[in-house]
Amino acid sequence: MDLSLNRSGKSCRLRWMNYLRPNIKRGNISDQEEDLILRLHKLLGNRWSLIAGRLPGFYFFLYDI
């Protein structure tokens, strides 16, 4: 019996990028990180990919909000 998930290459890549990478920031953010996010949002608006690009390890964390 084949119990594999039959994930496509794209699905595997997205799973790695969103969940499995060891350098993804998880858990609570510090007050300084929150302040930075708010300042960047004020500057850039709802352009979350640009904001996340300026926060190491936060890329996919921001998309979970």
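Only a predicted model underlies this, so the values are computations on that prediction, with no experimental measurement involved.

1. Considerations on the overall build of the protein
Tallying secondary structure elements over the protein gives four helices and zero strands in all. Helices and strands in the protein line up, N terminus first, as α-α-α-α. Of all 65 residues assigned to the protein, the portion counted as buried reaches 18%. Considering only contacts in the protein between residues 6 or more positions apart, those separated by 24 or more positions represent 31%. Carbon and sulfur atoms make up 55% of the accessible area of the protein, which amounts to about 5,300 Å² in all.

2. Some words on the confidence of the model for the protein
Residues with a pLDDT of 70 or more make up 80% of the protein, whose mean pLDDT is 77. The least confident element of the protein is helix α4 (residues 59-63), whose mean pLDDT is 46; the most confident is helix α2 (residues 31-44), at 92. Note that pLDDT drops below 50 for residues 60-65; the model gives that stretch 13 contacts with residues more than four away or on any other chain.

So, how was this worked out
- Residues numbered from 1 in each chain as written.
- Predicted model: local features only at pLDDT ≥ 70, side-chain atom pairs only at ≥ 80, totals over all residues.
- Heavy atoms only, no water.
- Helix = DSSP H or I, 4+ residues; strand = E, 2+ residues; numbered from the N terminus.
- Buried < 20%, exposed > 50% of the residue type's maximum accessible area, 1.4 Å probe, protein only.
- Contact = heavy atoms within 4.5 Å.
- Areas by Shrake-Rupley, 256 points an atom, 1.4 Å probe, with all protein chains shown as cover.
- pLDDT = per-residue confidence, 0-100.

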